[in-house]
Amino acid sequence: AATATLFVKHPPHVRSPISSPETSPPADTRRDMAAVAELGFRAAAAISGARVTGRAQAQGGASAKHAKGGGIARPLRCVAEGATPAAAATSGTPVRKTSMLIIGATGTLGRQVVRRALDEGYDVRCLVRPRQNPADFLRDWGATTVSGDLTKPETLPAAFVGIHTVIDASTARPEEDTYVIDWKAKVACIQTATAMGIQRYVFYSVDKCEQHKEVPLMNMKFAVEEYLKASGMNYTILRLCGFMQPLISGYAVPVLEEQPLWGTDDDTRTAYLDTQDVAKMTLAACRRDEATNKTMTLAGPKAYSVREVIAICEKLGGAEAQVNKVPVLALKATRAATRFFQWTAPAADRLAFAEVLASGVKFDAPMEDTYAILGMDPSETTSLDSYLEEYFSKILKKLKEVGGQSRQKDFYL
């Protein structure tokens, strides 16, 4: 298969090759940079230190042309070239350290970060896309909103004006193009933040992304990490293992509703975190200088396998789960089949991520040093057992109040 090379200009001290997602963002990136400059913001020239230049190289006699969505995914690599880091803007009115922009504020994690930041006294601005159902709840909480589209870089700079810290919690939804949102839009946001003199950029990544570059999403996360480090801004990268919230709809509710569950025959273990705890750790990182220019993995108190999660739900719900196991080999075969067709390429990408999740990997990390950096007490972090126990106690109490009945034949309230 053809292999293309994407050259990213990094500072001289960054010289390790990294994998990059799809080919040829260079032309698009240059157009995005021009759009920022045309708006006349005070530091547009600072983007030059984070410019991307591209050069395709064909290997093995094959041509290196971009095949978006279709064909077999081709491995790409980034090579660091010497460059001066982008200089932050030094003129203009100083911004308050409490001014914060949150990207992806309506998501599962983003909204928790908004709530926590408001509770801690930050002036929170949320970048939201124009929609029929506006994010009124953010304004009800006390945040301000500004319209912008991550796929249209020219709409971004206005949101960054007067901001000290950016927290980027955005990621592609199932119906969206992962490459556009998790790579191109990230590059545009980082370039805009650099040009606007942002003092801290917080980015959420995925645990062990550097070890699984064959997975498009993890590949992009790692590439963005490297791109952010090369931007010259102060940054904090928070790698996440897994959230507790999706376990409710994925396992707790099906157990109560006697619906079938789908799992794999592996022993992958994940140290899940409550998104409220992730938000708390994020704001701690924003407050503390020790977290500047650090990459930290955030993990829960204990790592669990899917079988253990289901067992907890069965115990707390008083019901037996119907588990349908999918062999890991079946996932690999399905992914291989879907990679060849343009209309099934997104499914293949997600199956690649599922394949990693079902490969026996342990998504966990020691947290002693991280808690010390964040100045937090480990005992304040919610465990999965207590999180699920609280959920089941609330839902079962509610069912009793309304005279509800479980669909389980032998479980009545």
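Residues numbered from 1 in each chain as written. Predicted model: local features only at pLDDT ≥ 70, side-chain atom pairs only at ≥ 80, totals over all residues. Heavy atoms only, no water.

Participant: Lay out the pattern of salt bridges in plain terms, naming residues and giving numbers.
Facilitator: This model, assessed by the stated rule, comprises 15 salt bridges. Where Asp123 meets Arg96, a salt bridge forms, and the shortest distance between an N and an O atom there is 2.9 Å. Of this pair, Asp123 sits in strand S6 (residues 123-128) while Arg96 sits in the loop between strand S4 (77-81) and strand S5 (99-103), and the two are 27 residues apart along the sequence. A relative accessible area of 36% means that Asp123 is categorised as partly exposed. Where Glu290 meets Arg288, a salt bridge forms, and the shortest distance between an N and an O atom there is 3.4 Å. Judged by its relative accessible area of 41%, Glu290 falls in the partly exposed class. You can call Arg288 partly exposed: its relative accessible area is 26%. (Salt bridge = Lys/Arg side-chain N within 4 Å of Asp/Glu carboxyl O. Helix = DSSP H or I, 4+ residues; strand = E, 2+ residues; numbered from the N terminus. Buried < 20%, exposed > 50% of the residue type's maximum accessible area, 1.4 Å probe, protein only.)

Participant: Before we move on, can you summarise the packing of helix H5 (residues 178-195) against helix H6 (residues 216-229) with the specific residues and values?
Facilitator: Relative orientation of the contacting elements H5 and H6 amounts to 5 degrees, with a least axis distance of 10 Å. Considering their axes alone, H5 and H6 lie roughly parallel with respect to each other. Residue-level contacts link Thr178, Tyr179, Asp182, Trp183, Lys186, Val187, Ile190 and Gln191 of H5 to Leu217, Met220, Lys221, Ala223, Val224, Tyr227 and Leu228 of H6. Its residues placed into classes, the contact of H5 with H6 shows 10 nonpolar, 2 polar and 3 charged. (Axes fitted to C-alpha atoms, helices over the stretch in contact; angles between N-to-C directions. Parallel < 35°, antiparallel > 145°, perpendicular 65-115°, else oblique. Contact = heavy atoms within 4.5 Å. Nonpolar A, V, L, I, M, F, W, Y, C, P; charged D, E, K, R; others polar.)

Participant: Break down the packing of helix H2 (residues 110-119) against helix H8 (residues 275-287) for me, with residues and values.
Facilitator: The geometry of H2 relative to H8 is characterised by a closest axis approach of 8 Å and an angle of 50 degrees between their N-to-C directions. Classified by the angle their axes make, H2 and H8 are oblique. In this structure, the crossing between H2 and H8 has a hand that is right-handed. Between H2 and H8, the contacting residues are Gln112, Val113, Arg116 and Ala117 on the first element and Thr275, Gln276, Ala279, Lys280 and Leu283 on the second. Tallied by class, residues from the contact of H2 with H8 come to 4 nonpolar, 3 polar and 2 charged. (Left-handed = near helix turned anticlockwise from the far one by under 90°.)

Participant: Quick one: what's the story with H2, residue by residue and with numbers?
Facilitator: Those residues of H2 that sit buried are Gly110, Val113, Val114, Ala117 and Leu118. For H2, the buried positions fall inside an angular range of 130 degrees around the axis, keeping them on one side. Buried residues along H2 sit against S5, S6, helix H3 (136-141), strand S8 (165-168), strand S9 (200-206) and H8. (Arc of directions from axis to C-beta.)

Participant: Can you break down the sheet that holds strand S7 (residues 144-147) residue by residue, with the values?
Facilitator: What the 7 strands build is an open sheet, ordered S7-S6-S5-S8-S9-S10-S13; its pairing is parallel. Looking at strand neighbours, the two that pair on one side only are S7 and strand S13 (294-298), the edges of this open sheet. Neighbour-to-neighbour, the strand axes of this sheet turn through a mean angle of 20 degrees, independent of strand direction. Examined bridge by bridge, S6 and S7 share 4 bridges and lie parallel to one another. When the bridges of S7 are listed, Arg125 appears paired with Thr144. Contacting S9, strand S10 (235-240) and S13, H6 runs over the sheet at an angle of about 160 degrees to S9. Its contacts with the sheet place H8 against S5, S8, S9, S10 and S13, and it is angled at close to 145 degrees to S9. (Pairing = 2+ DSSP bridges.)

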